[in-house]
Amino acid sequence: MDEHSDYSESDALLDNGAEAYGNGDFEKAKRYYEQAAELGNDQALCNLGYIYEYGRIGEKDPEQAFYCYSEAALGGNANALYKVGDAYYYGDFVKKNPRLAFKYYMMAGQNLETDKDDDIRSDIDYRLAKCCAYGIGAKKDLMSALHFINDAEAEIYLDQAYHKPGWQKLKWKIEDLRKEILVELDELLDHPKIRYE
């Protein structure tokens, strides 16, 4: 089999796994994802991480989830990179490490340009905005936070149009964080020590 046919076969297996997952047949989805991952499909490996993280076939297994996400992240998968970032942000299986979380979120955002995984753009930009707004793992930078949250706000409308699961909850989080950022920026601009040349 040549390299091109491997990718075509792995993509078909990934699609079959996604269909089974969407239908709630997680055992079947896992089998398809495992087969696709064996052919080098990073997204299938990342999707296996979701199965383990959320306990779709039994008990939650954060260790196995982290392993799958980490392996997929090595291939530059944006989805896996942001999930590794989440593990470090929340301390899931690994020790909390805000700097590593921010680093992985940044890599995820950069890899979106080549990954084309549009349905996670709002998630990644929201996380980057939160890190910049609160100085989590990075220097507090309200202008960068505003940039990321504005991007997330625009992207959430695409999520809504394509009926992404959970878009409503994320939209509320984005709106709340955007308001916080704007209030803090307005307070800074009203501060008497700020001068413009």
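None of the values given here were measured: they were computed from a predicted structure. (Residues numbered from 1 in each chain as written. Predicted model: local features only at pLDDT ≥ 70, side-chain atom pairs only at ≥ 80, totals over all residues. Heavy atoms only, no water.)

**Some points on the domain arrangement of the chain**
Think of interface size as the accessible area that goes away when the parts come together; that is how it is often given.
Okay, so step 1: One can read the domain layout of the chain as domain 1 (9-115) and domain 2 (117-192).
Okay, so step 2: Here domain 1 and domain 2 share an interface that buries about 1,400 Å² over both sides, 68% of which is from carbon and sulfur atoms.
Okay, so step 3: If you sort the residues of domain 1 by the area they bury against domain 2, Tyr82, Phe102 and Leu112 come out on top, with a joint share of 41%.
Okay, so step 4: There are one salt bridge connecting domain 1 and domain 2.
Okay, so step 5: We note a salt bridge from Asp86 to Arg127, for which the minimum N-O separation is 2.7 Å.
Okay, so step 6: At the junction of domain 1 and domain 2, the tally comes to one residue pair in polar contact (both at pLDDT 80 or more).
Okay, so step 7: Contributions of two or more residues to the side of domain 1 that touches domain 2 are made by α5 (78-90) and α6 (98-115).
Okay, so step 8: Ranked by residues supplied to the side of domain 1 that touches domain 2, first place goes to α6 with 10 residues.
Okay, so step 9: Classifying every residue of the side of domain 1 that touches domain 2 gives 10 nonpolar, three polar and four charged. (Domains from an automatic or database assignment. Buried area = accessible area lost by both parts, 1.4 Å probe. Salt bridge = Lys/Arg side-chain N within 4 Å of Asp/Glu carboxyl O. Polar contact = N/O pair within 3.5 Å; in protein donor to acceptor, adjacent residues only side chain to side chain. Helix = DSSP H or I, 4+ residues; strand = E, 2+ residues; numbered from the N terminus. Nonpolar A, V, L, I, M, F, W, Y, C, P; charged D, E, K, R; others polar.)

**Re the pattern of salt bridges**
Okay, so step 1: Taken as a whole, this structure holds nine salt bridges when the rule is applied.
Okay, so step 2: As a salt-bridge pair, Glu53 and Lys83 come within 3.1 Å of each other at their nearest N and O atoms. One end of the pair, Glu53, is in helix α3 (residues 42-53); the other, Lys83, is in helix α5, with 30 residues separating them in the sequence.
Okay, so step 3: For Lys83, a relative accessible area of 6% corresponds to the buried category.
Okay, so step 4: For Lys83, the salt bridge is made with Asp86, and the minimal N-O distance between the two is 3.9 Å. Of this pair, Lys83 and Asp86 both sit in helix α5, three residues apart, which is roughly one turn of the helix.
Okay, so step 5: The exposure class of Asp86 is buried, given its relative accessible area of 6%.
Okay, so step 6: Here the salt bridges share partners, and the residues they tie into one network are Glu53, Lys83, Asp86, Asp123, Arg127, Asp159 and Lys164. (Buried < 20%, exposed > 50% of the residue type's maximum accessible area, 1.4 Å probe, protein only.)

**A short note on helix α7 (residues 121-134)**
Okay, so step 1: With 14 residues, α7 ought to run about 20 Å at 1.5 Å a step, and its terminal C-alpha atoms sit 20 Å apart, in line with that.
Okay, so step 2: For α7, a buried count of 13 out of 14 residues is recorded, marking the element as mostly surrounded by other parts of the structure.
Okay, so step 3: Residue Gly135 follows α7 closely and has a positive phi angle near 65 degrees. (Expected span 1.5 Å × (residues − 1).)

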